[in-house]
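# Overview (structure and organization)
The primary structure of each chain is shown beneath.
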There are 2 protein chains.
Amino acid sequence: MSAQEIFSKLKDEFDIVGAQGVHRLELKGLSVSIEESDGVGRALESWLGKWLENNNIYYDTPDSTQEPPDYILSDQNPKKHFLEVKAFRSTSSPGFDLANFEAFCDSLLKSPHRLDADYLIFAYSLEGSQITIDDIWLKKIWEITGSSSNWPLKVQDKRGTIYNIRPVTWYSDHSASTPPFDSKQEFVETVYQTLVEYNGQEKSGWFDEVRQAYNTYRERIGKGDLIREL
Amino acid sequence: MSAQEIFSKLKDEFDIVGAQGVHRLELKGLSVSIEESDGVGRALESWLGKWLENNNIYYDTPDSTQEPPDYILSDQNPKKHFLEVKAFRSTSSPGFDLANFEAFCDSLLKSPHRLDADYLIFAYSLEGSQITIDDIWLKKIWEITGSSSNWPLKVQDKRGTIYNIRPVTWYSDHSASTPPFDSKQEFVETVYQTLVEYNGQEKSGWFDEVRQAYNTYRERIGKGDLIREL
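Residue positions within a chain follow its written sequence, with the count starting from 1. Written order decides the labels, with chains lettered from A and ligands numbered from 1. Side-chain atom pairs in this predicted model are given and counted only at pLDDT of 80 or more, local residue features only at pLDDT of at least 70, and totals for whole chains, interfaces and linings cover all residues. Excluding hydrogens and water, the side-chain figures rest on all heavy atoms present in the structure.

### Section: the interface of chain A and chain B
- Note on contacts: a residue pair is in contact if any heavy atoms of the two residues lie within 4.5 Å. Each side of the interface is counted separately: chain A has 39 residues, and chain B has 39 residues.
- Together chain A and chain B conceal approximately 3600 Å² of surface at their shared face, both sides included; 59% is due to carbon and sulfur atoms.
- For this analysis, a salt bridge means a side-chain nitrogen from Lys or Arg found within 4 Å of a carboxyl oxygen belonging to Asp or Glu. Connecting chain A to chain B are two salt bridges.
- Residues Arg159(B) and Asp106(A) are paired through a salt bridge, measuring 2.8 Å at the closest nitrogen-oxygen approach.
- Think of a polar contact as two N or O atoms within 3.5 Å of one another; within protein, one of them needs to be a possible hydrogen donor and the other a possible acceptor, and neighboring residues in sequence only count if both atoms come from side chains. There are 18 residue pairs in polar contact (both at pLDDT 80 or more) connecting chain A and chain B.
- Nonpolar residues are Ala, Val, Leu, Ile, Met, Phe, Trp, Tyr, Cys and Pro. Charged residues are Asp, Glu, Lys and Arg, and all others, Gly as well, are polar. Taken together, the residues of the side of chain A that touches chain B break down into 18 nonpolar, nine polar and twelve charged.
- Whether two strands pair depends on DSSP finding at least two bridges between them. Numbering goes from the N terminus for both helices and strands, where a helix is a DSSP run of H or I of at least four residues and a strand is a run of E of at least two. Two elements, strand E1 (residues 20–27) of chain A and strand E1 (residues 20–27) of chain B, share seven bridges in a ladder whose sense is antiparallel. Each residue of the ladder has a partner; that of His23(A), found in E1(B), is Leu25(B). The term buried area refers to how much accessible surface (probe radius 1.4 Å) is lost by two components on association, counted for both of them together.

Set out below in structure tokens:
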């Protein structure tokens, strides 16, 4: 089942928006409802796996949970389709990590299909220990990333070191925030600008390498929407 | 209550080693036992807060959960005592983050008492979704850190960038692994060597600044075990 079909099923059939729940740890008879949001994203990811099983939807997971993606879906492609699960509290702007910046740049050379991954994103609220799902989206990475003042690409930056790619507030009216990119092309070009600004000329071949790897992959699966030259 | 008293109560009275439990997320009637270890550490930290409350043990938390420590205990010191909670799967070596390396170095200048923080560490196993607490320790940071081949201090290093301070396997017989430091002095000196190797001469004043800040704090609370000059 494709990511889009899973999304429709979860949103329209299961009616997940408005769903309520609780996150608990029980240990030696002492059950604690966890009022902190830290583990909710990971717990929702596990929950989704069980929900997929209950609905007889095929999925696989990578050999290491440290590696992307969260879930691998079957679809018509020779390469399996990546589904990443993210979550954030709806009282704040989304601040989750999309990927380690440099690892992401490297991985696109070997796994250009990672660019086509779908991001299933939950917004939830937490009152005491009650979790409520407030919204859900299915997005491509360029639909949830944008520019920033520090670097061409919005990233988590500590003391000049770039750690992770971070989302912009893609669902706002953008009067007060940065809008997401318009296209995959714009995203890849901005990643490239950021990489060269950060790492210098040694990375100047990155764009063409990614473009060729991605386009070769897209042509093999018979799809268009290729990356154009700079 | 001091960290040592809490540790004794948890270990000897509550008998936490061997305790079993489960980590769950229930959402719209679908309850999932989480079989991944990712959120267990954070859940154990929440669980500990509830256990402290049930035992009428005072604690406070910092204004932001992003800031250290996990818990602030009252004790006789004018500065409150820091308790950090960590957890790892007992099938692996401990790989949790002790602190962001550079933020930790900076914070010691303003909060030298952070050096005296206690680390309450759970080792657990996970069979299916059943969590078992296999061991528990209360340690100072220099009792769980050591050297490495890449840097004088064992840290998480990606592509030459230092991210976090990581523990050594402090409980092994050390025939095959790096032993922890012998003293606070050795730890601070090694942090200093790492900082200078990483950041260069601009950090050469760090050791004396930390030494003075820490010793001033220790003298104010009427305690010895000061940091000596290099």
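### A short note on helix H1 (residues 3–13) of chain A
Residues and elements named next belong to chain A.
- The buried label applies to any residue whose accessible area, calculated with a 1.4 Å probe on protein chains only, is under 20% of its type's maximum; exposed applies above 50%, and partly exposed to all values in between. Within the sequence span of H1, burial applies to Ala-3, Ile-6, Phe-7, Lys-9 and Leu-10. In a view along the axis of H1, the buried residues occupy a sector of 165°, so they form one face of it. Every exposed residue of H1 that faces more than 90 degrees away from the buried side is listed here: Asp-12 and Glu-13.
- On the buried face of H1, the contacting elements are helix H2 (40–54), strand E3 (71–73), strand E4 (81–89), strand E6 (118–127) and strand E7 (130–139).
- Immediately downstream of H1, the backbone of Asp-15 shows phi near 60°, a positive value. Think of it as the arc spanned by the lines of direction from the helix axis to the C-beta atoms.

### Some details on the relation of the copies chain A and chain B
- Here the copies were fitted onto each other by least squares, based on C-alpha atoms from residues at pLDDT of at least 70 in both. Expressed as a screw transformation, the operator carrying chain A onto chain B has a rotation angle of 180° and an axial translation of 0.0 Å, and the superposed copies differ by an RMSD of 0.0 Å. What the rotation and shift describe, once combined, is the action of a two-fold rotation axis.
- By residue overlap, the copies meet face to face through one surface: 100% of the interface positions of chain A are interface positions in chain B.

### Some remarks on the sheet that holds strand E8 (residues 155–158) of chain B
All names here are of chain B.
- Spatial ordering of the open sheet is given by E5-E9-E8, a layout of three strands whose pairing is antiparallel. Of all strands in the sheet, those bounded by a partner on one side alone are strand E5 (99–100) and E8.
- Two elements, E8 and strand E9 (residues 161–165), share three bridges in a ladder whose sense is antiparallel. Considered in E9, the bridge of Asp-157 is made with Ile-162.

### Concerning unusual backbone geometry
Residue and element names in this part refer to chain A.
- For Asp-15, which is not glycine, the phi dihedral falls at a positive 60°.
- On the secondary structure map, Asp-15 appears in the loop between H1 and E1.
- Judged by its relative accessible area of 45%, Asp-15 falls in the partly exposed class.
- Within the chain, Arg-159 stands out as a residue other than glycine whose phi angle is a positive 55°.

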